[in-house]
Amino acid sequence: MPSAGLVFQSVLLGLLLGGLYALLAAGLTLYFGIMRVVMIAHSAFLILAAYLAWWAHRETGVDPLLTLVVTVPLFFLAGVALQRLLLSRLSPVTLTMMSVLLTFAIALVIEGLLGYAFSGTQRRIRLGYSSTSLELFGARIAVVKLIGFALAALSLLGLYLLLKHSRFGQALRATIQHREAARLLGIDTDRVAGYGFGLGLATAAVGGTALSLDSTIYPSLHWHWIGPLMAIIVVGGLGSVPGAAIAAMTLGMMQSLLQIELAATWAQTIFYLALFGTLAFRPQGFFGGRLAQRF
Amino acid sequence: MATVSALAATFALGGCGGGAGSEGSGDDTITIGVSLPLTGDFAEPGKGVERGYKAWAKIVNDKGGLLGRKVELKILDDQSNADRVVSDYEQLIGKDEVDLVFGPFSTRLVVPSARVAEEYGMLFVEPAGAAPEVFEQGFKNLFYAAPAVANDHYNHLAEYILALPADQRPKSVAYSAMDDPFAQGTAYGLKDKLEAAGIKTAVDEVYPPNTTDFGPIAAKIADSKADMVVGGSQYQDGVNLIVALQQLNYQPKIAAFSTAPTSPEFAEAIGNKTEGVLAPTGYTQKADYPSNKEFVEKYTEQFGKAPEEDEANAYTTGQVVAAAVEAAKCASQDEECQAKLIEFLRGNEVETVVGPLKWDDKGRPQSAHMIQQWVDGEIQIVLPEEQKEADFVFPKPKW
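Remember, it's a predicted structure, so these values are computed and weren't measured experimentally.

**Student:** How would you sum up the overall build of chain B? Please name residues and give values.
**Tutor:** Within chain B one finds 12 helices and 14 strands. Taken against the 2.2 N^0.38 rule, which gives 21 Å for 399 residues, the C-alpha radius of gyration of chain B at 22 Å falls within 12% of a compact globule. Across the 399 residues that make up chain B, the buried fraction comes to 54%. Across chain B, contacts joining residues at least 24 apart in sequence account for 69% of those joining residues at least 6 apart.

**Student:** How would you summarise the interface of chain A and chain B if you had to cite specific residues and measurements?
**Tutor:** Taken together, the 25 residues of chain A in the interface contact 27 residues of chain B. Counting only elements with at least two residues in the side of chain A that touches chain B, the list comes to helix H1 (4–35), strand S2 (139–142), helix H10 (241–261) and helix H11 (264–268) of chain A. Per-element tally for the side of chain A that touches chain B: the top contributor is H1(A), with 5 residues. Its residues assigned to classes, the side of chain A that touches chain B comprises 7 nonpolar, 15 polar and 3 charged.

**Student:** Please provide a residue-by-residue account of the sheet that holds strand S7 (residues 200–207) of chain B, values included.
**Tutor:** Paired through backbone hydrogen bonds, the strands of a sheet run either parallel or antiparallel to each other. Residue and element names in this part refer to chain B. Judged by pairing direction, the sheet is mixed, and its 7 strands sit side by side in the order S7-S6-S8-S9-S10-S13-S14 without closing on themselves. A strand with exactly one partner marks an edge of an open sheet, and here the two such strands are S7 and strand S14 (378–383). Strand-to-strand twist of the sheet, defined as the mean angle between neighbouring strand axes without regard to direction, takes the value 25°. Pairing analysis gives 4 bridges linking strand S10 (residues 277–281) to strand S13 (residues 370–375), with the strands arranged antiparallel. The residue of S13 that forms the bridge with Thr-281 is Met-370.

**Student:** Outline the UniProt feature "transmembrane region" (unreviewed entry) in chain A, listing residues and values.
**Tutor:** Residues and elements named next belong to chain A. Sites flagged by UniProt as "transmembrane region" (unreviewed entry) map to residues 6–30, 37–56, 68–87, 99–119, 139–163, 192–213, 225–251 and 263–281. Between the C-alpha atoms that bound residues 99–119 there is a distance of 28 Å. The span itself is 95% helix and 0% strand. Helix makes up 100% of residues 192–213 and strand 0%, whereas the separation of the span's terminal C-alpha atoms amounts to 32 Å.

**Student:** Residues and numbers for helix H12 (residues 270–281) of chain A, please.
**Tutor:** In an α-helix, one turn spans 3.6 residues, which is why side chains three or four residues apart end up on the same side. Residue and element names in this part refer to chain A. Between the first and last C-alpha of H12 there are 16 Å, a value that for 12 residues agrees with the 16 Å anticipated at 1.5 Å per step. All of the buried residues along H12 are Ile-270, Phe-271 and Ala-274. Mapping the buried residues of H12 onto a view down its axis gives an arc of 100°, with all of them on the same face. Opposite its buried face, H12 presents the exposed residues Leu-273, Phe-276 and Ala-280, each directed more than 90 degrees away. Buried residues belonging to H12 abut helix H9 (222–236), H10 and H11.

**Student:** Just give me the short version of the sheet that holds strand S2 (residues 70–77) of chain B, but keep the residues and values in it.
**Tutor:** Residue and element names in this part refer to chain B. Pairing in this open sheet of 3 strands is parallel, and the strands run S2-S1-S3 from one edge to the other. Either end of the sheet is taken by a strand with one partner, and the two such strands are S2 and strand S3 (100–101). Alignment of strand S1 (residues 29–36) against S3, held across 2 bridges, turns out to be parallel. What sits directly across from Ile-32, in S3, is Leu-100.

About the cut-offs
Residues numbered from 1 in each chain as written. Chains lettered and ligands numbered in written order. Predicted model: local features only at pLDDT ≥ 70, side-chain atom pairs only at ≥ 80, totals over all residues. Helix = DSSP H or I, 4+ residues; strand = E, 2+ residues; numbered from the N terminus. Rg over C-alpha atoms; globule rule 2.2 N^0.38 Å. Buried ≥ 20, exposed ≤ 12 C-beta atoms within 10 Å, placed from the backbone. Contact = placed C-beta atoms within 7 Å. Nonpolar A, V, L, I, M, F, W, Y, C, P; charged D, E, K, R; others polar. Pairing = 2+ DSSP bridges. Axes fitted to C-alpha atoms, helices over the stretch in contact; angles between N-to-C directions. UniProt positions renumbered as here; feature names shortened; annotations may be inferred. Expected span 1.5 Å × (residues − 1). Arc of directions from axis to C-beta.

Laid out in structure tokens, this is it:
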């Protein structure tokens, strides 16, 4: 039996990890909701943001958090451009399948360019506070993990408020629910979709910066992330941001707790087990499932 | 006198003619075939090995070559790919008809390439396959050109710990190793010895090579409150694990990690909290073996910086093969010649930059690694006694 201390520590680690998963999955589920696009390159953009943070820190010594000022607007614009210039040109009939191919290619291009610019060597930001931690009832919380979690929580809150309480949010949700109907009501769905895509990519910028604080990065790391993230958005119900966040927290926590008894490799399989289970017994996901059912 | 040398020349010619015909290996050169991971996963150490081989060839040629013949390296890039390494050695031996071969980098590439060399009956000295499985394949042509196999890296540390008075000895140990034959070999070699002496294993974790989140493993180690932590690590994983352990404020009495602490970037990577961290090492530039002084000096001249362990092991490979060639007085693919080379190494000791080496019947070198420790902000040899630069710090100061 693992000790109570270890279980508590693992719960904390799971919570911190789940927060990051939640933010990243939110972006991914947004793309699907808006456009029925499967965005394989989401995690590649995540790693790109992490590299930009690492690079800026190495070159100028600025705190990686400051790079957000540049990367968030930059990624937003890149997202809008990506949607308007590439994805909107795909034929609506085969959109979902073709978007897999297109974004797969984008992921490979990003990975290749990162490898070309920075080589395949693993990198890690060296911060004065890398190993600093706070004590909480005998367990330890690393400051860098806490900052990452806070970033994720704030961004998710911001995203939630934006979707629920702004005119743009209403338009975006209307577009997600029924594109034609939204258009009939006078919503410029193309423009809204572009901004929505930009928003999704901006979450990757925040997530990547949070990731870079406490993790090693290398160009092919995004493959390691995309699987769990895809599983999360299916379990959460495709297109549902709160669903993705709840599924992310639950699965992140389960992964962390399973790792007490199992090795790292096996603990990771929880995502795929959850994916199979969901597809077999509740294919529409556990939250906001109507959309996926219709799809 | 003239007759003797004429006779010798005829003999040499005859010897060569009898060999597996050779276009790439004229009388005046010895061609040595190598395949190295110059790109891909093992590119960094692969390039180190390449520099070591090149330094060896230059030093030998500057002195007039081997058996009076110039040494020439033929190096192919296997892209860190095990299938590629096999076809590379097939090509080098079968098509290019090289006279000798040197081994590639890393266990995963050494095993398949050693099999090719064995099929052709060729001597296979290698600089980097230290994991147990290399020596369990029944190879009769393989020799590892370094002081000790992976499982023996921590031998001096094990002796030191077991010699401590019973009340000071660590009572439990946490092991964490990368899922890699070499990294696991180092940690498990020590584990076997300590377990045999009754020291409890508190944690035994294996993680995949691409693991980036060490939080959960560190949590287990910290929770076990083990007196000692042993990491079977390469570089970045070792750094990540140490940072994760520091985040959880885990303070062991002994902390030993393979490879990572000897890297020049290590101290900065873990925020300079290095005091007392241990690592085994097979090579030091400061060793006063005669050939090492020459190697360090000429290598530095050629490449502008001092050699590290990968370079030294590659150079050692060259030295070992050269010793065999000089003793057997031949260097060709000829079966008889290769058999003589193998036979020589089976029964003799060779002086190298990592000290005198001899091998058991499976090709395992019979020396041990030195143990280094971070003392006063510098990594220094602390074990064995006769080579130490600083006293072993025990228990380890807090990090």
